[in-house]
Amino acid sequence: MTWGPREEGLQQLLPILKDSQLPDTAMQIAVRTKLEEFNHYPDFNNYLVYVLTKLTTEDEHTRAMSGLILKNNILTHGSNLQPAIVEYIKDECLQAVGDSSPLIRATVSILITTIASCGGLHNWPQLLPLLCDMLDSQDYNVCEGAFSALQLICEDSAGNLDSSGLNWPLNMMIPKFLKYFRHSSPKIRCHAIVCFNQFIIKRSLTVTKDIDSFIENLFHLSSDEDHEVRKNVCHGLVMLLEVRMDRLMPHMSQIIEYMLLRTQDSEEAVALQAFEFWLSLAEKSNCKELLAPILSQLAPVLVHSMRYSELEIILLKCDEEEDCMVPDQEEDISPRFHRSRRHVNDELDDESEDNKSLLQWNLRKCSASALDALAKVFREDFLPVVLPILKETLFHQEWVVKESGVLALGAIAGGCMQGMIRHLAELIPYLIYCLSDKKALIRSIAFWTISRYANWVVNQPHDQYLKPLLKKVLRHILDSNKRVQEAACSALCILEEEACTDLVPYLEYILKTLVLAFSKYQHKNLLILYDAVGTLADSVGHHLNKPQYINILMPPLIDKWNQVKDDDKDLFPLLECLSNIATALQFGFFAYCEPVFRRCISLIEQTINQETLCKQNQTCDHPDKDRKVVALDLLSGLAEGLNLHIETLVADSNLMHLLLQCMQDVQPDVRQSAFALLGDLTRACFPHVHPFMAECFPFLVQNLNPNFIPVCNNVIWAMGEICLKLGEETKQYVGLVLSDLIIIINRPNMPKSVLENAAITIGRLGYVCQVEVAPYLPSFLRQWCTTLRRIKDNQEKYSAFIGMCHMITVDVSAAVPDFIFFCDAIASWVNPPQDLRLAIQRVLHGFKIHVCEQNWSRYVDQFPKVLVERLISLYNI
């Protein structure tokens, strides 16, 4: 199209573009309003691309801003733009690829990629050939601008570029990229490597043909003087290691030597990429064989890289040892993620989340992770190499070196624990001594390291290690340095999880310290303190339910509860903490439950109402659904702790109506917490849940979806609780759920907690509806038995086995093919209740009659001797 701007239009637009670069909030609002007004003019986007590409009299920042506004318009309104306008923008962009300004070239590249992504590369067929032709331009700006655009396209659309739909453009592009690995400009060399790297991880067939040439070119660039080139060479080798290690094996010894060199690169960005190589190699089955020859060279490099750099020491304000009175900056507080309530058995679910992974990945953390990974590969064989290094660093006069040694000692704990045990009697007292070091960074890392050995500590005589350690932990929870406070709190959380009820004798001392911390802590550490209190309640359970403990703990928590507003993010960790406390205190929480219950109901209502408003009015802010999740979880804690004492609160509320809405929420973690609460309310006050069963069950069935594991897990658990309470009424629902449960229990790679809950719920269905479930025994009996033989004796296991006995009694022939698995499962009981023992004996007797005495003897003769002895001992077979 032929188009030219009117001078009047440019004079209106340019001041807006300049104002948009100002940091003033009011100005930004005014600019946004004006831009929305301009968007009503059909050729507004023509003006924007004209300013970007043609108006060279303007400063480059104003031109670039015009391009970024155009990019946003394409993202928002691209599908509504007239085809002629889109073609005009494309032509202008291609003409400006070689602009003399690097900023404009970069902006044009972003714009080209946005158009290609939104409209589809197939609707711009000439783009890739044109950009590839431009690579051969003698004008450096044209070549660099084209490569910049190609790099963004490769990053954005790698999967589409190796396809017949676009006529296999990689056949044209890959040879071009390889050619430019040897360009005289480091910027061009970088573009070429980054473009090629995008297709390695995709396992592109086109790229596979050229991998040897790629490796040869990487070797050529291995000592490039440009650090960005070296970084991308390392990145390419790391990705090849991930997906095509076989092609690297002929060169592996050279690559390992090269990576050892690059791990010590003076440029941190290069060293970080090299560290990724060790982390990736540690996951390979032949890692030990490959690294054993250079382990004595690699380990000192890793430990040395754990030292704080001079810049880090400045940024950490190490001269401010006493900073506990300095208020936190809000930007220093990391995001916190609530984990929705999950129902698992026997604490088998040991996944952990480390929010600190959100922090910047640096050399120190990367080298510690690499040391940890190698310790897990080499195990005790690592110690002859690493112990001399530790001996040198742990007792070094320079605090920075000593601190890195303490970190290294913690890093190897996961892999070398068995070999370290004989050294811990000497090392743990030294670490306890380090907890009082004059340097705050040594105190804080010593807390982390000693917590890595917490399991060993709590299993030794308490007077020897646990008591002196706990004394230091509690002392430094009140440290004058905020970093040490945080480390001590985190160490206490781990001790609580490891020691559990072993901490009961020290409860009063612990609680008084934590309560003092409530009055001393700044904002960030206050959130960690809530974790420490909640974990303590979770670990000691009902032992916390004593008046002297309640009187120490609850007043400051209720003060915080009253101070925190409904829209304050601090409410989330406080609600999590109270949920654990309510569960632990049981009826001891009753005095505090009504205002807590009412506020939780209010939080759920507010969130639902705000969601409704958003559906009606798109300009409304979307609610933070974490409020709903943590409120549901605290209500679960109340129901679990108070049990039937929550009945009057539920009766006088609209909780069940709100719960039905939460079960339909699009956000999985809301549904996860809703189904957990449904199960807890079923246990605590089923008469108030019962009238809603017909409405609840369709939502339960809809969420029996193993693609959403945490939701599915809680649904299965809640179903098991419901069918016990419903009894024979469950018959109307068996057909809706049994087939899905059978699919889930037989599905490979399912988490243990889901399999266990599925087995328990199937058993409970059999308990109340044995006639309906027994015919399906052949489709789940073996998996049911192998799942439940692993869990400890408890009430849930009891009800499931009673149900299984009922089912086999109904149809013993259905159990014949897998009866040995049933015998193995019943042998897993340590002390079966008397009625279960009798039920099992009846099943064994019925089976003996079914197969006849002679066949029974031959059948039992096939059992392992230890199983026969166990069955005789428990059931007198």
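All values derive from a computational prediction rather than experimental measurement.

Undergrad: Got a minute to help me understand the overall build of the protein in this structure?
TA: A tally of regular secondary structure across the protein gives 47 helices and 0 strands. Here the protein, with 877 residues, has 55% of them falling under the buried criterion. Restricting to contacts in the protein with at least 6 residues of sequence separation, those with at least 24 account for 75%. For the protein, the accessible surface area stands at approximately 39,100 Å², while carbon and sulfur atoms represent 52% of it.

Undergrad: Even after reading the chapter, I still don't get the packing of helix H36 (residues 668-689) against helix H37 (residues 693-702), so can you show me in this structure?
TA: The relative placement of two packed helices comes down to the angle between their axes together with the axis-to-axis distance. Interhelical geometry of H36 versus H37 gives an angle of 160° and a closest axis separation of 13 Å. Viewed along their axes, H36 and H37 adopt a mutual orientation that is roughly antiparallel. Relative to H37, H36 is oriented so that their crossing is left-handed. In this structure, H36 uses Phe675, Leu678, Phe686 and Val689 to contact H37, whose residues at the interface are Met693, Cys696, Phe699 and Leu700. In terms of residue class, the contact of H36 with H37 is made up of 8 nonpolar, no polar and no charged.

Undergrad: Before we go on, may I ask you to explain helix H35 (residues 655-662) in this structure?
TA: Note: α-helices contain 3.6 residues per turn, so residues at a spacing of three or four share the same orientation. For H35, the buried fraction is high: 6 of the 8 residues fall into the buried class. All of the buried residues along H35 are Leu655, Met656, Leu658, Leu659, Leu660 and Cys662. Where H35 is buried, its residues meet helix H32 (590-616), helix H33 (626-642), helix H34 (647-651), H36 and H37.

Undergrad: When you look at the packing of aromatic side chains in this model, what are you seeing that I'm missing?
TA: What characterises a pair of aromatic rings is the spacing of the ring centres plus the angle enclosed by the ring planes. This structure, assessed with the given rule, holds 23 aromatic pairs. Cluster of aromatic residues (ring-pair linked, three or more members): Phe819, Phe822, Phe847, Trp856, Tyr859 and Phe863. The residue whose ring lies beneath Arg671 is Phe708, and the NZ or CZ to ring-centre distance is 5.7 Å.

Undergrad: I would appreciate a short explanation of the environment of Gly98 in the present structure.
TA: You can see Gly98 is positioned in the loop between helix H5 (83-95) and helix H6 (102-119). Under the relative-accessibility criterion, Gly98 is labelled partly exposed at 21%. On a C-alpha basis, the gap between Gly98 and Ser296 in space is 51 Å, while along the polypeptide they are 198 residues apart. Once you skip the residues sitting within four places of it in the chain, Gly98 turns out to touch Arg105, Asn141 and Val142.

Undergrad: Please clarify how the environment of His396 should be interpreted in this entry.
TA: For His396, the position within the fold is in the loop between helix H21 (383-394) and helix H22 (399-411). The residues touching His396, leaving out its near neighbours within four places in the chain, are Val401 and Lys402. Here Glu398 takes part through its backbone nitrogen, which lies 3.0 Å from a polar atom of the side chain of His396.

Undergrad: Looking at this model, I keep getting lost on helix H26 (residues 466-477). Mind explaining?
TA: Here H26 contains 12 residues, and its C-alpha end-to-end distance of 16 Å stays within 8% of the 16 Å for a straight helix at 1.5 Å per residue. Those residues of H26 not exposed but buried are Leu466, Leu469, Leu470, Lys472, Val473, Leu474, His476 and Ile477. Along its buried surface, H26 packs onto helix H23 (413-434), helix H24 (440-452), helix H25 (454-458), helix H27 (482-499) and helix H28 (507-520).

Undergrad: Help me understand unusual backbone geometry, please; the structure alone is not making it clear to me.
TA: Note: most peptide bonds trans; most residues except glycine with negative phi. Positive phi, close to 50°, is recorded for Cys500, a residue that is not glycine. One can find Cys500 in the loop between H27 and H28. Residues other than glycine seldom take positive phi values, yet Gln586 does so here, at roughly 55°. Along the chain, Gln586 turns up in the loop between helix H31 (571-585) and H32. By relative accessible area, which is 35% here, Gln586 ends up partly exposed.

Undergrad: Help me understand the confidence of the model for the protein in this model?
TA: As a general rule, the predicted coordinates of low-pLDDT regions are not to be interpreted in detail. A residue-level look at the protein finds 94% of positions with pLDDT of 70 or above and a mean pLDDT of 89. The low-confidence segment residues 344-359 (pLDDT under 50) makes 26 contacts with residues lying over four places distant or belonging to another chain.

Undergrad: Please explain the state of the cysteines as it appears in this structure.
TA: Simply put, disulfide is the name for a covalent bond between the sulfur atoms of two cysteines. Counted under the stated rule, the structure contains 0 disulfides. No disulfide involves Cys696; its sulfur sits 12 Å from that of Cys662, the nearest cysteine. The class for Cys696 is buried, based on a relative accessible area of 0%. The thiol of Cys723 is not disulfide-bonded; the next cysteine sulfur, from Cys769, is found 7.4 Å away.

Undergrad: Can you walk me through the pattern of salt bridges in this structure?
TA: Close approach of charged atoms lets side chains of opposite charge pair. Going through the model one piece at a time under the given rule, you end up with 39 salt bridges. Between Lys288 and Asp381 there is a salt bridge, with its nearest N and O atoms 2.9 Å apart. Pair noted here: Lys288 is in helix H17 (residues 287-291) and Asp381 is in the loop between helix H20 (363-378) and H21, with a separation of 93 residues, a long-range link. We classify Lys288 as partly exposed; its relative accessible area is 35%. Residue classification places Asp381 among the partly exposed positions, given a relative accessible area of 46%.

Criteria and cut-off values
- Residues numbered from 1 in each chain as written.
- Predicted model: local features only at pLDDT ≥ 70, side-chain atom pairs only at ≥ 80, totals over all residues.
- Heavy atoms only, no water.
- Helix = DSSP H or I, 4+ residues; strand = E, 2+ residues; numbered from the N terminus.
- Buried < 20%, exposed > 50% of the residue type's maximum accessible area, 1.4 Å probe, protein only.
- Contact = heavy atoms within 4.5 Å.
- Areas by Shrake-Rupley, 256 points an atom, 1.4 Å probe, with all protein chains shown as cover.
- Axes fitted to C-alpha atoms, helices over the stretch in contact; angles between N-to-C directions.
- Parallel < 35°, antiparallel > 145°, perpendicular 65-115°, else oblique.
- Left-handed = near helix turned anticlockwise from the far one by under 90°.
- Nonpolar A, V, L, I, M, F, W, Y, C, P; charged D, E, K, R; others polar.
- Phe/Tyr/Trp six-rings, centres within 6.5 Å; stacked < 30°, edge-to-face > 60°.
- Lys NZ or Arg CZ within 6 Å of the ring centre and 35° of its normal.
- Polar contact = N/O pair within 3.5 Å; in protein donor to acceptor, adjacent residues only side chain to side chain.
- Expected span 1.5 Å × (residues − 1).
- pLDDT = per-residue confidence, 0-100.
- Disulfide = S-S within 2.5 Å.
- Salt bridge = Lys/Arg side-chain N within 4 Å of Asp/Glu carboxyl O.

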